[in-house]
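# Results of the structural survey
Given next are the chains, with one letter for each unit.
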Amino acid sequence: MTGRLARVPYVEGILTAEQVAETAASIVAMQEPWGAVPWTVGEHVDMWNHVEAAMAMLVGGEVEAAERAYAWMPGLQRADGSFPMKIVGGVPEDERGDVNMSAYLAVGVWHHWLVRRDISFVHEYWPVVRAALDWVVSQQVAWGGINWTPTEDFCLLTGNSSIYHSLRAGVALADLLDDPQPEWELAGGRLGHAVREHRDLFADKSTYSMDWYYPVLGGAVRGRAATDLLATRWDEFVVPGLGIHCVDSNPWVTGAETCELAMALDGLGDHRGALTLLADMQHLRESDGRYWTGWVYGDEASAPEGEPRNVYWPVEHTTYTAAAVILAVDALGEVAGHGTAGSGIYRGTSLAPHFRELGLECGCPQPTGSPA
């Protein structure tokens, strides 16, 4: 294999480099002229999924499109460092600042550094990342969680688990640029403790599989505690041969969640389980590299009236599903094919160390260690 494809990840027996490149191209095809990547054609943009798409395009060989996606972002940042929650047609539709969406640029910029080693890119985006993370940590509450927005008085477990990941990427960038950010480290220690020890204080979204696996994917819960956590609801969410449920109440498997769980397993060293999940969700793939969001399965005869079974739903191909596939391939390519220099971004092997738990205000005794 030569040229651009030689740098594109693949997993033996599941997806070739050519197929991964096709999927990256399918994201580019849905990118808006100014660089934004919507959920699907005609849909809205949120900054978390936009950054994930940029990361996937980068490792899929679409460097120019990825950098165009990043270049669009600074113009949407507000004076306080936050980003709007929802953008349609290049214009904010929901002006609320979302902490997880605002934080995630740090992961994208660190990932770009790992893959491209372009220090000028890091310098260009560092002020944007720094302002965003400063705003995010300013929303932290006493017990360690971070409020969803300044106008909502609750914390989301999935988003907070992802912010833990973003803070480790942000501190890695700070270390690279010799611009220490001790307040991020302090906030990260308190946040990690909250995700490990106070999940009952987060808003109850337990019907969603993301609330189940994201404490592991984000890196706050590791080792035996992570294995035990995933075991608690494995049978409720995982459908062998198809993928995993988005919500526990519906016979609906979704590709993005399946790939994220695969990356969580990869981070725990369960490569066999991760590869199985990645292979299982390939029934959502189209011949041109696009991916359906999900599949509703089951016995049509016993389904409630008006609820079809064994159909793709929604009737859409989504950029975030395609992006999750590419990033899972990159992660697993390291053990079963080929991965890029960014393949460890979700395992956490290329991030700053886990944070020490200092300055806790939740009433717990002051611990001395970090997650395993």
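Relevant structure appears above.
Notes on the structure in this doc start here. Because the structure is a prediction, the values reported are computed rather than measured. (Residues numbered from 1 in each chain as written. Predicted model: local features only at pLDDT ≥ 70, side-chain atom pairs only at ≥ 80, totals over all residues. Heavy atoms only, no water.)

As a further point, take the pattern of salt bridges. Under the criterion given, the structure shown has 15 salt bridges. The salt bridge involving E152 is made with R96; its shortest N-O contact spans 3.0 Å. In this pair, E152 is assigned in strand β5 (residues 152–155) and R96 in strand β3 (residues 91–97), connecting sequence segments 56 residues apart. A relative accessible area of 18% means that E152 is categorised as buried. Take R96: its relative accessible area is 28%, and that puts it in the partly exposed class. The salt bridge involving D228 is made with R224; its shortest N-O contact spans 2.9 Å. In this pair, D228 and R224 are both assigned in helix α10 (residues 223–237), four residues apart and thus about one turn of the helix distant. On the basis of relative accessible area, R224 is assigned to the exposed category, the value being 66%. Residues joined by salt bridges that share partners form a network here, namely D94, R96 and E152. (Salt bridge = Lys/Arg side-chain N within 4 Å of Asp/Glu carboxyl O. Helix = DSSP H or I, 4+ residues; strand = E, 2+ residues; numbered from the N terminus. Buried < 20%, exposed > 50% of the residue type's maximum accessible area, 1.4 Å probe, protein only.)

So, about the pairing of β3. Bridge analysis of strand β2 (residues 84–88) against β3 gives four bridges, and the strand direction is antiparallel. Residue pairing in the sheet places V88 in a bridge with V91 of β3. Two successive antiparallel strands, β2 and β3, enclose a turn made up of two residues, where G89 displays a positive phi of approximately 60°. (Pairing = 2+ DSSP bridges.)

Below, the discussion takes up the environment of T318. Locating T318 in the fold gives a position in the loop between β10 (311–312) and α13 (319–336). As a C-alpha pair, T318 and A106 span 212 residues in sequence and 23 Å in three-dimensional space. In this view, T318 contacts M30, W39, T40, Y291 and T293; residues no more than four positions away in its chain are not counted. (Contact = heavy atoms within 4.5 Å.)

With that out of the way, let us pick up helix α12 (residues 271–280). Turning to α12, its buried residues number three or more, namely G273, A274, L277, L278 and D280. Here the buried residues of α12 occupy an arc of 165° about the axis, which is enough to place them on one side. Those residues of α12 hidden inside the fold are in contact with β1 (10–11), α10, β6 (238–239), β7 (243–245), α11 (255–267) and α13. (Arc of directions from axis to C-beta.)

The topology assignment puts I163 in helix α7 (residues 157–176). A relative accessible area of 0% places I163 in the buried class. Each C-alpha atom, one on I163 and one on A220, is 9.9 Å from the other, the two residues being 57 residues apart in sequence. I163 has contacts with V99, N100, A103, V136, I146 and L191, leaving out every residue within four places of it along the chain.

This paragraph deals with the sheet that holds strand β8 (residues 252–254). The sheet built from five strands is open, its strands ordered β6-β7-β8-β9-β10 with antiparallel pairing. Only two strands of the sheet have a single neighbouring strand rather than two, namely β6 and β10. By the bridge criterion, two bridges tie strand β9 (residues 294–296) to β10 in an arrangement that is antiparallel. Residue pairing in the sheet places W295 in a bridge with Y312 of β10.

Further remarks concern the side chain of Q31. Of note, Q31 is situated in the loop between α1 (17–30) and α2 (47–59). A distance of 3.1 Å separates the side chain of Q31 from the backbone oxygen of A65, its partner in a polar contact. Excluding its chain neighbours within four sequence positions, the residues that come into contact with Q31 are A36, V37, P38, M57, A65, R68 and A69. (Polar contact = N/O pair within 3.5 Å; in protein donor to acceptor, adjacent residues only side chain to side chain.)

Before going further, it helps to examine the nonpolar core. Judged by nonpolar contacts, the single largest core of 120 residues is most densely connected at I27, M55, Y70, W110 and L261. Looking at this core element by element, the count peaks at twelve residues for α13. Leaving out residues up to four positions away in the same chain, W110 has contacts with A169, A172, L173, L176, I345, S350 and L351. (Core = buried A, V, L, I, M, F, W, Y, C linked by side-chain atoms within 4.5 Å.)

The next thing to look at is the packing of aromatic side chains. Enumeration according to the criterion identifies 16 aromatic pairs in this entry. Aromatic side chains F121 and Y125 sit 4.6 Å apart centroid to centroid with 40° between the ring planes, which places their arrangement in the tilted category. Taken together, the residues span about one helical turn, with F121 and Y125 both in helix α6 (residues 119–137) at a distance of four residues. Across the pair, exposure class does not vary: F121 and Y125 are buried alike. Centroid distance W143 to F202: 4.9 Å. Interplanar angle 85°. Geometry classified as edge-to-face. Taken as a pair, W143 in the loop between α6 and β4 (147–149) and F202 in the loop between α8 (182–197) and α9 (209–217) lie far apart in primary sequence, 59 residues in all. The exposure classification of W143 matches that of F202, with both residues buried. Each member of the aromatic cluster is reached from another via a ring pair, and the members are W212, Y213, Y214, W234 and F237. (Phe/Tyr/Trp six-rings, centres within 6.5 Å; stacked < 30°, edge-to-face > 60°.)

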